[in-house]
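So the chains spell out like this:
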Amino acid sequence: KLDFHPAGRHFLQIPGPSPVPDRILRAISYPTIDHRGPEFGALGLKVLAGIKKVFKTQHPVIIYPSSGTGAWEAALSNTLSSGDIVLMYETGHFATLWKKMAEKLGLKPEFLGSPGSDGWRHAVSAQRIEERLRADSGHAIKAVCVVHNETSTGVTSNIAAVRRAIDAANHPALLLVDTISGLASIDYRHDEWGVDVTVSGSQKGLMLPPGIGLNAVSPKAIEASKTAGLRRSFWDWTEIIEMNKTGYWPYTPNTNLLYGLSEALDMILDEGLENVFARHQRLAHACREAVRAWGLEIQCADTDAYSPVLTGVMTPENMDADVVRKTVYERFNMSLGTGLGKVKGRMFRIGHLGDCNDLTLMAALAGCEMGLRLSGVRLAASGVTAAMDYLVSPAGSSALKA
Ligand code: PLP
């Protein structure tokens, strides 16, 4: 509960759901229409064509009325059979949840561990994937599943490198990628990187409320779905892909979220995908400048794997990160992401994704800085000043556009 009656807007600085722009909220409020009527088909075709541009694919993208977890299940159940071995990689909490799901579905996940004893601070090692696939001369491994942007830690993995590793090992495994928190924030190329199924969701870079799950699928994945033995009905791609050809769905789609998606696609494609990516990189850079100035550690230990979407901030040994979050919430009406699973209490997460600009970030950093001070954390210097210095520097100014 807040200590006072809050004026102004709540600051939603968790790494998704991200704030929904007014334009999108207004679009979502239009009257719901007949999902079998003529107007609907035009909307369906528009969003299906637009979302392909965001995934950088020529192939079908399936839109489910689900959260991201549903889209995870759809990816596995459409391509695999009971008992199949899948190679997964422990980048953090979400990779761990996806692995648990694979087990529940009757798959046999093999989990490559997070390298180093500090845990959950590193990106996927493509080399370790290549070594494991080379050792699998009988091709028992049917899929490689990795999380592109690990939302629990703020670590982004190199998917092109994972593709090269699979090719170098000359292995036929499918490549399944979760970019639930990366899509429309970080450069992503479904076709060029040879990804077979990309899983995503609405509530992060797409700036929508939760409630849309996405699968972008390759021809190889569609071929695999013809013989994949896992039971599925609602998630089955076949009928959806067929009906999507005319802009319709076999069930009642979430019409109002599709209005929102249509608006979000207009906003993202008007700004230009590459500009959207550059904006995220720049704000993330400013955020890291702040964390370093405070004298605190960034959760991501690989300097080439910093996430443009969120920054994980480790608190000093004696400081429960959730105490800082609670202070920030109660005093400044701002939500920060909690540490999940293994890193609970050890770090908090600052989201800088979606509808975020210089001043949004500066306000968020000011809230963090004041919250850290109120919680008794001794800061080396002002992170707010360091972030501002970067934003107005020549480097920060030239990074404004792609
Ligand atoms: N994967 C990643 C990387 C996520 O960030 C999330 C949610 O934050 C999920 C999966 C699960 O998605 P949802 O909570 O929409 O079911």
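Residues numbered from 1 in each chain as written. Predicted model: local features only at pLDDT ≥ 70, side-chain atom pairs only at ≥ 80, totals over all residues. Heavy atoms only, no water.

Student: When you look at the overall build of the protein in this model, what are you seeing that I'm missing?
Tutor: Scanning the protein for helices and strands turns up 14 helices and 14 strands. Here the protein has a C-alpha radius of gyration of 21 Å; the compact-globule value for 402 residues is 21 Å, and the two agree. If one aligns the C-alpha atoms of the protein with their principal axes, the spans along those axes are about 60 × 55 × 40 Å. Looking at the protein as a whole, 60% of its 402 residues qualify as buried. Residue pairs at least 24 apart in sequence account for 74% of intrachain contacts in the protein once pairs closer than 6 positions are excluded. For the protein, the computed accessible surface area is about 16200 Å², with 54% contributed by carbon and sulfur atoms. The averaged location of the 41 negative side-chain charges in the protein is 2 Å from the averaged location of its 41 positive side-chain charges. (Helix = DSSP H or I, 4+ residues; strand = E, 2+ residues; numbered from the N terminus. Rg over C-alpha atoms; globule rule 2.2 N^0.38 Å. Buried < 20%, exposed > 50% of the residue type's maximum accessible area, 1.4 Å probe, protein only. Contact = heavy atoms within 4.5 Å. Areas by Shrake-Rupley, 256 points an atom, 1.4 Å probe, with all protein chains shown as cover. Lys, Arg positive; Asp, Glu negative; His and termini not counted. Charge placed at Lys NZ, Arg CZ, Asp CG, Glu CD.)

Student: What exactly am I supposed to notice about the domain arrangement of the protein here?
Tutor: Accessible area lost on assembly of the parts is the figure often given for the size of an interface. According to the domain assignment, the protein contains domain 1 (11-19 + 273-398) and domain 2 (31-270). Computed over C-alpha atoms, the centres of domain 1 and domain 2 are 27 Å apart. Contacts between the two partners involve 33 residues from domain 1, matched on the other side by 32 residues from domain 2. Across the domain 1 to domain 2 interface the summed buried area is about 2500 Å²; carbon plus sulfur atoms make up 58%. (Domains from an automatic or database assignment. Buried area = accessible area lost by both parts, 1.4 Å probe.)

Student: How should I be thinking about the layout of surface pockets in this particular structure?
Tutor: Over the atoms rolls a probe the size of a water molecule, and its path tells where empty space is left. In this structure, the largest pocket occupies an estimated 350 Å³ of space. Along the wall of the largest pocket there are 20 residues; nearest its centre are Thr156, Ser157, Asn158, Asp304 and Ala305. Of the residues that constitute the lining of the largest pocket, the class distribution is nine nonpolar, eight polar and three charged. Both domains that furnish three or more residues to the lining of the largest pocket are identified here as domain 1 (11-19 + 273-398) and domain 2 (31-270). Looking at the second largest pocket, its volume works out to about 270 Å³. (1 Å grid on protein atoms, 1.4 Å probe; cavity = no way out; pocket = protein on both sides within 12 Å on 5 of 7 lines; lining within 4 Å. Points joined across faces, edges and corners; volume = space filled by probe spheres on them. Nonpolar A, V, L, I, M, F, W, Y, C, P; charged D, E, K, R; others polar.)

Student: I keep staring at the sheet that holds strand β11 (residues 297-298) and nothing clicks. Help me out?
Tutor: Either a parallel or an antiparallel arrangement is found when strands of a sheet pair, and the pairing is made through backbone hydrogen bonds. Strand order in the open sheet formed by three strands is β11-β12-β14, and the pairing between neighbours is antiparallel. Looking along the sheet, the strands with just one partner apiece sit at the ends: β11 and β14 (347-351). As paired strands, β11 and strand β12 (residues 310-314) are joined by two bridges and run antiparallel to one another. Its bridge partner being in β12, Ile298 is matched across the sheet by Val313. Sheet strands touched by helix α10 (residues 273-294): β11, β12 and β14. Its angle to β12, the strand with the most contacts, is close to 10 degrees. (Pairing = 2+ DSSP bridges. Axes fitted to C-alpha atoms, helices over the stretch in contact; angles between N-to-C directions.)

Student: Help me understand the site of the ligand in this model?
Tutor: All residues in the neighbourhood of the ligand are listed as Ser67, Gly68, Thr69, Trp72, Phe94, Val147, Asn149, Thr151, Asp178, Ile180, Gln203 and Lys204. Take Asp178: an N or O atom from its side chain is 2.6 Å from a nitrogen atom of the ligand. Within the contact set of the ligand, an oxygen atom lies 2.8 Å away from a side-chain nitrogen or oxygen of Gln203. Taking 380 Å² as the accessible area of the ligand by itself, protein coverage stands at 86%. For the shell around the ligand, the element with the highest residue contribution is helix α3 (residues 68-79), accounting for three residues. Its residues assigned to classes, the shell around the ligand shows four nonpolar, six polar and two charged. (Near = heavy atom within 4 Å. Polar contact = N/O pair within 3.5 Å; in protein donor to acceptor, adjacent residues only side chain to side chain.)

Student: Where do I start with the environment of Gly8 in this structure?
Tutor: With respect to the secondary-structure elements, Gly8 resides in the segment before β1 (11-13). Owing to a relative accessible area of 66%, Gly8 belongs among the exposed residues under this scheme. Along the backbone, Gly8 and Arg36 are 28 residues apart, and their C-alpha atoms lie at a distance of 41 Å.

Student: Teacher, can you tell me more about the side chain of Thr255 here?
Tutor: Here Thr255 lies in helix α9 (residues 255-271). Since its relative accessible area comes to 5%, Thr255 is described here as buried. For Thr255, the residues in contact, after removing those within four places along its chain, are Thr32, Ile33, Phe40 and Leu43.

Student: How should I be thinking about α9 in this particular structure?
Tutor: For an α-helix the count is 3.6 residues per turn, leaving residues at separations of three or four pointing the same way. Here α9 contains 17 residues, and its C-alpha end-to-end distance of 25 Å stays within 8% of the 24 Å for a straight helix at 1.5 Å per residue. Two residues or fewer after α9 comes Gly272, characterised by a positive phi angle close to 100 degrees. (Expected span 1.5 Å × (residues − 1).)

Student: In this structure, what is going on with the sheet that holds strand β4 (residues 108-112)? I would like to understand it.
Tutor: Ordered by their spatial adjacency, seven strands build an open sheet running β2-β10-β9-β8-β5-β3-β4, and the pairing between neighbours is mixed. The two strands at the open ends of the sheet, each matched to only one other strand, are β2 (61-64) and β4. Taken over all neighbouring pairs, the strand axes of this sheet differ in orientation by 20 degrees on average, direction set aside. Here strand β3 (residues 85-89) runs beside strand β5 (residues 141-147); their pairing, made up of four bridges, is parallel. Residue pairing for β5: Val86 is matched across the bridge by Ala143. Each of β2, β9 (197-201) and β10 (213-217) touches helix α8 (residues 237-244); the most contacted strand, β2, lies at about 105 degrees to it.

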